[in-house]
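Descriptive structure summary
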Amino acid sequence: MLDVLGLEPDDERVYRALLGRPNSTAIVLSGQLDLPHAHVDKALSRLVEWGLVTRSADERFTAAPPAMALGALISQRRDGLRMAEHALVTFAEEHRAAMTGSSISDLIEVVTGVDAIRHRFLQVQQAARTQVRSFITAPFVALPPDENTAEPMAIGRGVQFRAVLDRAVLAEPGILDDAIDSLRRGVQLRVADQLPMKLVLADADLGLVPLAVTPDGEPGAVLLHRSGLLDALDALFETVWRTADPLALSATVGESEPTVEVGPHGPTELDRRILALLLAGLTDLAAATQLGLSPRTLHRRLRHLMDLAGVRTRMQLGACAVRNGWAEPLRA
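Residues numbered from 1 in each chain as written. Predicted model: local features only at pLDDT ≥ 70, side-chain atom pairs only at ≥ 80, totals over all residues. Heavy atoms only, no water.

1. With respect to the confidence of the model for the protein
Taken as a whole, the protein shows an average pLDDT of 78; of its residues, 78% reach a score of 70 or greater. When mean pLDDT is compared element by element in the protein, strand β4 (residues 131–136) scores highest at 94, while helix α5 (residues 104–107) scores lowest at 55. Below pLDDT 50 for its whole length, residues 250–264 participates in 39 contacts with residues either more than four positions away or in separate chains. (pLDDT = per-residue confidence, 0-100. Helix = DSSP H or I, 4+ residues; strand = E, 2+ residues; numbered from the N terminus. Contact = heavy atoms within 4.5 Å.)

Okay, here's the thing in structure tokens:
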């Protein structure tokens with residue numbers, strides 16, 4: 001648990017033991033923890049050096065109060081991270097200045113192989129300071145959405161995420177649960193009928209564009225630094241974003257098939273989920289599969305909704321759903 005602060009596993013074990021047994025000797029701790037005496041000695045030396053443990057004149061050790069000792073250590077780590085972030089901004093500006101007037105080979109990096117593309121994909125997001133924008137298409141070669149660990153970390157430091165999904169992606173297994181998780185974190189999602197490529201942009205500084213596989217079967221990508229080509233991709237994203245449809249999803253997609261019928265005052269949560277998926281462009285079969293429903297159940301729900309809305313066609317039902325907010329996202 002405390003390895004994020006730089007402590008070794010033995011350090012944490014010894015510190016925990018001292019919390020319940022103050023004024024202990026190294027020999028007592030060695031026997032209690034079943035650790036070699038040399039390991040305990042090293043752990044105690046590190047803990048004393050870091051201020052987590054005090055040592056008496058007769059070589060007895062006591063854990064310092066966690067709120068005080070660990071709190072100070074955490075504050076030091078925060079200060080160090082802030083200094084590193086300031087250094088990152090400085091280095092990034094120096095890099096931009098150095099890249100001005102660079103040759104084409106300095107502005108474009110070819111990346112080959114799944115592992116290398118995955119590494120660069122995470123790095124691009126980690127480098128973002130204000131926003132990450134992306135086009136998401138299937139298939140997922142390097143990194144499925146549910147394995148994108150860089151997204152929640154970047155959001156945590158204030159980076160804004162916007163993504164456009166190719167409509168066909170909505171039929172991928174598990175994609176709706178991943179989309180809901182992203183929406184909960186504040187990611188803005190839209191859907192386009194067809195996207196021209198995969199794309200990830202970090203601010204206006206970096207862009208990663210996955211390409212077709214190489215002749216030997218390895219996937220490839222290009223990493224772009226600030227340039228006219230990157231500016232063009234920036235403009236392409238904003239153009240597609242303006243014309244794409246906002247994605248509205250329930251926070252409870254993916255549950256087992258519900259049995260609740262239409263309520264007396266409007267559609268149920270299940271009805272809202274059905275409408276949201278159909279308005280997002282999924283076929284009846286794809287929507288039923290994502291929700292764990294049979295096609296017959298989905299059609300029955302739609303017929304009930306049409307009766308509830310007093311309409312005769314699906315187009316009329318869609319207009320009614322939008323007008324009355326029936327397909328708006330449900331809050332978790």
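Moving on from the coordinates now.
2. What to know about the pattern of salt bridges
One pass over the structure, following the stated rule, counts 18 salt bridges. Salt-bridge contacts for Arg60 lead to Asp58; the nearest nitrogen and oxygen are separated by 3.5 Å. Note on Arg60: relative accessible area 35%, which makes it partly exposed. Close ionic contact of Arg120 with Glu109 constitutes a salt bridge, the shortest N to O distance being 2.8 Å. Of the two residues, Arg120 is situated in helix α6 (residues 114–127) and Glu109 in strand β3 (residues 108–112); the sequence distance between them amounts to 11 residues. Accessibility expressed as a relative area gives 22% for Arg120, which makes it partly exposed. Using a relative accessible area of 28% as the deciding quantity, one classes Glu109 as partly exposed. The structure contains a network of salt bridges with shared partners spanning Arg133, Arg162, Asp234 and Glu238. (Salt bridge = Lys/Arg side-chain N within 4 Å of Asp/Glu carboxyl O. Buried < 20%, exposed > 50% of the residue type's maximum accessible area, 1.4 Å probe, protein only.)

3. Things to note about the environment of Ala116
With respect to the secondary-structure elements, Ala116 resides in helix α6. Along the primary structure Ala116 and Pro219 are separated by 103 residues, whereas in three dimensions their C-alpha atoms are 9.7 Å apart.

4. Regarding the nonpolar core
If you look at soluble globular proteins, the nonpolar side chains tend to sit buried side by side. The biggest cluster of nonpolar side chains holds 51 residues, and the ones touching the most others in it are Leu170 and Leu317. In contact with Leu317, not counting residues within four places along its chain, are Leu275, Leu302, Leu305, Met306, Ala309, Val311 and Trp326. Leu18, Ala26, Val40 and Phe61 belong to the second largest nonpolar core, which has 17 residues in total. (Core = buried A, V, L, I, M, F, W, Y, C linked by side-chain atoms within 4.5 Å.)

5. Things to note about helix α2 (residues 26–33)
Those residues of α2 that sit buried are Ala26, Leu29, Ser30 and Leu33. One side of α2 carries all its buried residues, which in axial view fall inside an arc of 105 degrees. Facing away from the buried side of α2 by over 90 degrees, the exposed positions are Ile27 and Gly31. On its buried side, α2 packs onto α1 (9–20), α3 (37–49) and β2 (61–63). Looking one or two places after α2, you find Asp34, whose phi comes out positive at around 55 degrees. (Arc of directions from axis to C-beta.)

6. Section: a nonpolar patch on the surface
On the surface, Ile108, Val110 and Leu229 cluster together into a nonpolar patch covering about 270 Å² of accessible area. Within the secondary structure, Ile108 is located in strand β3. The exposure class assigned to Ile108 is partly exposed, which follows from its relative accessible area of 33%. (Patch = residues over 30% accessible without salt bridge, like charges linked within 9 Å, V, L, I, M, F, W, Y side chains within 5 Å. Areas by Shrake-Rupley, 256 points an atom, 1.4 Å probe, with all protein chains shown as cover.)

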